Amino acid sequence: MMKKTTTDESKKLLLFQTVILLVIFIVFLSETRADSFVPQSDDQVLLTLSPAVTAIARSVRAQERSLESNNAGNAATQYSSRELAAAISEAYTLATRNNDPRAFGHTLSLINAWPQQQPKPAMVRLIHASVLQHSHEFMAALQQLDTVLSNDPANLQARLIYSQVSLVIGDYEAVAQQCQAIEAAGVQIYALNCGAQLQSITGNAEFALSAVEETLLARPTNATQQIELLLNAATTAERLGFADRAERYYRRVLSMNPQSLFTTLRLSAFLLHQSRPEAAIELLRPYANSANDLEAQILLVRALQGAGMPVNAELLASIGAEIESLQRLGDEAPHKLLAQYQLYIAEDFATAVRSATLNWKLQKEPGDTLLLASAAVASEQSQTQEQVRAWITKTGLQDARIQTVLSAQEVL
Amino acid sequence: MTRLFKSLVTICLCWPVLVAAHSLNDSFFDLQLNEGAVSGSLQVAISDLEIAIGLDNNQDTQITWGEIRRASPAIAGYVNSRIELSRGDQVCTLSTNDLAIEQLSGGPYVTMGLFGQCAESGALSLDYGLLFDVDNSHRGIAAISVDGESATRLFSPANQSLTLDGGSLSFWTPLISFIGEGIWHIWIGIDHILFLLAMLLGVVLHTHRTRTTSTAIWTETGWSIVKMVTAFTLAHSITLILASLRIVELPAQLVETAIALSVVVSAVNILIPIFGRHHWPVAFAFGLVHGFGFANVLGDLNLATGQFVASLLGFNIGVEIGQLVIVLGLIPILALLIHWQWSRRLTTVLSALAIAQVGMLWFLDRGFGVTVL
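Residues numbered from 1 in each chain as written. Chains lettered and ligands numbered in written order. Predicted model: local features only at pLDDT ≥ 70, side-chain atom pairs only at ≥ 80, totals over all residues.

## As for the overall build of chain B
The number of helices and strands found in chain B is eleven helices and eleven strands. Relative to its 373 residues, chain B shows a buried fraction of 46%. Restricting the contact set of chain B to residue pairs at least 6 apart, pairs at least 24 apart contribute 71%. (Helix = DSSP H or I, 4+ residues; strand = E, 2+ residues; numbered from the N terminus. Buried ≥ 20, exposed ≤ 12 C-beta atoms within 10 Å, placed from the backbone. Contact = placed C-beta atoms within 7 Å.)

Below, the structure written as structure tokens:
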């Protein structure tokens, strides 16, 4: 937590920020200017391939072999539709299991290879929608889902994904429609969770939390459903300021699925907001060296700084280098990550507001709104703060964190 | 199917994390073209080369330098078949040499030199197609320099070709792009819009008060609006340029507070004509302040030095277009509202109070951190 500073505190902060940026700059400079090298021996191991890369390479080789054996002279004859559908499903499972960007990209490449003259099965369109959602192409994802639903209005998966995408982009009317359709389909647990998710961010958070808690107590649910309900309960309780309940639910999810990076990140952020950086550090330590988990690394730096512990220069350099790389993507850059870095590590508040605004144009979940509010307060941009207030008034969003940020002018 | 369903549900739940895991699978492409001679370098992740052509011959999941060295003809063939360069009507020659390794943030990369020969003049065409057929999330980030002019380009599955035609490289693209930014900024900048609205109302009401015939009213109103808008435009263009070039710099808080004050004062002028017939000098004075506000936005966009002039020009043109659309849209509405005496009085009082109140809230908030609402 960082309060508006007095002049002395400002100077200290400025000095601290300068030192950090200097360290990042020096290490990054030495990193980027390190000459390329030619290994001395043929036996020198340069990389151990990740399971995801190995699996993708295997899939690509299989595709090439199939192409060769089918008909070398006819490039259109690649996989049969059945083989292709299986490959798409396999690639998607790999992508979600490993959270690997290449695997998501490979899934999309396989989907794009679908023969134009053959209609895509619903399963392929659902995967397509999920991958498009992953790459922030929300409207394109909804188009795929519309096609599925026009052929099969009772498709539950399509409705569930539709409601999630609509929640992300802040189209709450569409969410309500999907929740009704899910309820009409008679899948009560999903309908209840869908409705509760919507109510929890549109002014009925207490009611939504009670409904989810009652369901958790009263109804038999499978593990997937329980995780969904618990996460919903945890995030709603957190927004309402019920810290004990929120932590209890987050930890229950984590005990059910210890590998869940999503839950780890949410719980760590929650602990940071509760001024418990040491507990967050404990959760985030395993991600210190994982270049694939930049959000975890940024949270770890915040936690270390919050606990007054030294931040490893290599970690800062790694984050700085990855951010530099992401910035080169221009419009395609993940603005949320950039905003987090600019706000919490680089303390470049004006740029953080811009990144947070670009992110908020795309996605309007409470976490995105909190980030925007924090960046706006840090940079003292009252117009953006008003934009956030207007959104809260319009939607009825109850979020104790955002209220703290706006009323106390504190960055969370 | 159940497993797939669970996966789909899981990705719905966990999308924020999944989007956080961003690309380590970019390649970096640096190309210079000087009087027809091509030189540069290309860096591709070892993991990407494994996917594209297969390096792990013994399938032990470990990539050694020997495996890369032995695959060098395949790597060269792959690069040559996926990157095509032409100038004028002639295809350029392009070859690779000197494989080496470089450790980047995304892991170890194979780096190779590029060299070749193009025609000495004509438009340069570049087609980049590494990996897109097997990894749709791959991106090629290219730094291209043609006869001294340089730019950065991002190649993606939807954007695999690039044609560079002389000056278009560094001027027109940012110019067009920033026209959009300028229009967008004035449209979302409610303080600028309210100021314009208040000034327009002030002009229209003043001529109503001082002229009696309908022709005289509309001739003078039109002329006064043209003068006022031109003065505002000229003034904010001056400070936008001065501030963007860092010749004059003012604290953002001071500028934002002054803009809020300009809204309050211009709203008061609707009710009590304090500007008299001097709307254009006032618009000029406040325009200078609003220009600093625009510059703050432009500063946040982190313009590349080489594209600064075009971006600045584009942003300014965009602001003017956006402003013109607002003015043209408001004039008929105002004409209607002030046509009858009762609606004129109502418009005068309500708009003045509403605009002044909003302006005052901004003024207190921006200047003194007092949040009333």
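## Here we look at the overall build of chain A
On a plain count of helices and strands, chain A comes out with 21 helices and one strand. Among the 412 residues that make up chain A, the fraction classed as buried is 48%. Pairs at least 24 apart in sequence give 50% of the contacts found in chain A among residues at least 6 apart.

## Structural notes on unusual backbone geometry
Despite not being glycine, serine 275 of chain A shows a phi value in the positive range, around 60°. For serine 275 of chain A, the position within the fold is in the loop between helix 13 (261–273) and helix 14 (277–284). Located in the positive-phi region is glutamate 35 of chain B, a residue other than glycine, with phi close to 50°. As for its position among the elements, glutamate 35 of chain B is in the loop between strand 1 (26–34) and strand 2 (37–45). When the 8 C-beta atoms within 10 Å are taken as the criterion, glutamate 35 of chain B is described as exposed.

## As for helix 17 (residues 335–345) of chain A
Each full turn of the α-helix corresponds to 3.6 residues, which orients residues three or four apart in the same direction. Residues and elements named next belong to chain A. The buried fraction of helix 17 amounts to eleven of the eleven residues, a majority that puts the element mostly inside the structure. Listing the buried residues of helix 17 in full gives His335, Lys336, Leu337, Leu338, Ala339, Gln340, Tyr341, Gln342, Leu343, Tyr344 and Ile345. Immediately downstream of helix 17, the backbone of glutamate 347 shows phi near 55°, a positive value.

## Overview of the nonpolar core
Counting residues in hydrophobic clusters, the biggest one holds 158 residues, and the most contacted among them are Leu299 and Ala375 of chain A. Once you skip the residues sitting within four places of it in the chain, leucine 299 of chain A turns out to touch Leu265, Ser268, Ala269, Leu272, Ala280 and Leu284 of chain A. In this structure, Phe232, Ile270, Trp280 and Trp362 of chain B belong to the second largest nonpolar core, which totals 53 residues. (Core = buried A, V, L, I, M, F, W, Y, C linked by C-beta atoms within 7 Å.)

## Focus on the sheet that holds strand 11 (residues 161–164) of chain B
Residue and element names in this part refer to chain B. Strand order in the open sheet made by the four strands is 5-4-8-11, with antiparallel pairing throughout. Single-partner strands in this sheet number two, and they are strand 5 (90–91) and strand 11. Here strand 8 (residues 124–128) pairs with strand 11 via four bridges, running antiparallel. Across the sheet, serine 125 pairs through a bridge with threonine 163, a residue of strand 11. (Pairing = 2+ DSSP bridges.)

## With respect to the confidence of the model for chain A
Residues and elements named next belong to chain A. For chain A, the average pLDDT comes to 87, and 88% of its residues sit at 70 or higher. In this model residues 1–34 is a low-confidence stretch, pLDDT under 50, and it forms 24 contacts with partners more than four residues away in sequence or in other chains. Low pLDDT, under 50, characterises residues 73–77; the predicted model gives this stretch two contacts beyond four residues in sequence or across chains. (pLDDT = per-residue confidence, 0-100.)

## Here we look at the confidence of the model for chain B
All names here are of chain B. Residue-level pLDDT values for chain B average 81, and 83% of them are 70 or greater. Across residues 9–23 the pLDDT falls below 50, and counting only partners more than four positions away or on other chains, this stretch makes 42 contacts in the model. Reported confidence for the predicted complex is 0.75 by ipTM and 0.65 by pTM.

## Let's talk about helix 5 (residues 122–134) of chain A
Residues and elements named next belong to chain A. Its 13 residues place the ends of helix 5 18 Å apart at the C-alpha level, agreeing with the 18 Å of an ideal helix rising 1.5 Å per residue. Counting buried positions along helix 5 gives eleven out of 13 residues, so the element sits mostly inside the fold. Within helix 5, burial applies to Val124, Arg125, Leu126, Ile127, His128, Ala129, Ser130, Val131, Leu132, Gln133 and His134. Phi turns positive, to about 70°, at histidine 136, one or two residues after helix 5. (Expected span 1.5 Å × (residues − 1).)

## Thoughts on the environment of glutamate 50 of chain B
Along the chain, glutamate 50 of chain B falls in helix 2 (residues 46–52). The spatial distance from the C-alpha of glutamate 50 of chain B to the C-alpha of isoleucine 63 of chain B is 8.7 Å, given a sequence separation of 13 residues. Once you skip the residues sitting within four places of it in the chain, glutamate 50 of chain B turns out to touch Leu49, Val53 and Ala57 of chain A together with Leu55, Asp56 and Ile63 of chain B.

## Quick look at the pairing of strand 8 of chain B
All names here are of chain B. Residues Leu124, Leu126 and Tyr128 point to one face of strand 8 and are all buried, whereas Ser125 and Asp127, pointing to the other face, are not buried. Examined bridge by bridge, strand 4 (residues 83–87) and strand 8 share five bridges and lie antiparallel to one another. Bridge pairing in strand 8 links leucine 85 to leucine 126.

## A closer look at the pairing of strand 2 of chain B
Consecutive residues of a regular strand have side chains that alternate between opposite faces of the sheet. Residues and elements named next belong to chain B. Here strand 1 runs beside strand 2; their pairing, made up of seven bridges, is antiparallel. Of the residues in strand 2, the one forming a bridge with glutamine 32 is serine 39. As paired strands, strand 2 and strand 7 (residues 107–117) are joined by nine bridges and run antiparallel to one another. Bridge pairing links glutamine 43 to threonine 111 in strand 7.

## Here we look at the environment of valine 353 of chain A
Residue and element names in this part refer to chain A. With respect to the helices, strands and loops of the structure, valine 353 is situated in helix 18 (residues 349–362). Each C-alpha atom of the pair valine 353 and glutamate 380 lies 9.8 Å from the other, and the pair is 27 residues apart in sequence. If near-sequence neighbours (up to four positions away) are discounted, valine 353 is found in contact with Ala375, Ala376, Ser379, Gln381 and Thr384.

## Details of the packing of helix 15 (residues 294–306) of chain A against helix 16 (residues 313–327) of chain A
All names here are of chain A. Two numbers describe how helix 15 lies on helix 16: the axes approach to 10 Å, and their chain directions differ by 135°. One way to sum up the angle between helix 15 and helix 16 is to call them oblique. The two elements helix 15 and helix 16 cross, and the hand of that crossing is left-handed. Across the interface between the two elements, Leu294, Gln297, Ile298 and Val301 of helix 15 pack against Leu315, Leu316, Ile319 and Glu322 of helix 16. When the residues that make up the contact of helix 15 with helix 16 are grouped by side-chain class, the tally is six nonpolar, one polar and one charged. (Axes fitted to C-alpha atoms, helices over the stretch in contact; angles between N-to-C directions. Parallel < 35°, antiparallel > 145°, perpendicular 65-115°, else oblique. Left-handed = near helix turned anticlockwise from the far one by under 90°. Nonpolar A, V, L, I, M, F, W, Y, C, P; charged D, E, K, R; others polar.)

## Regarding the packing of helix 3 (residues 81–98) of chain A against helix 5 of chain A
All names here are of chain A. Axis separation between helix 3 and helix 5 bottoms out at 10 Å; the angle between their running directions is 30°. Once helix 3 is placed against helix 5, the crossing between them reads as left-handed. Residue-level inspection shows Ala85, Ile88, Ser89 and Tyr92 of helix 3 in contact with helix 5, the latter providing Met123, Val124 and Ile127. Residue composition of the contact of helix 3 with helix 5, grouped by class: six nonpolar, one polar and no charged.

## What about the environment of glycine 203 of chain A?
All names here are of chain A. By the element assignment, glycine 203 lies in the loop between helix 9 (188–200) and helix 10 (205–218). Each C-alpha atom of the pair glycine 203 and glycine 396 lies 4.3 Å from the other, and the pair is 193 residues apart in sequence. Those residues in contact with glycine 203, other than ones at most four positions away along the chain, are Gly396 and Gln398.

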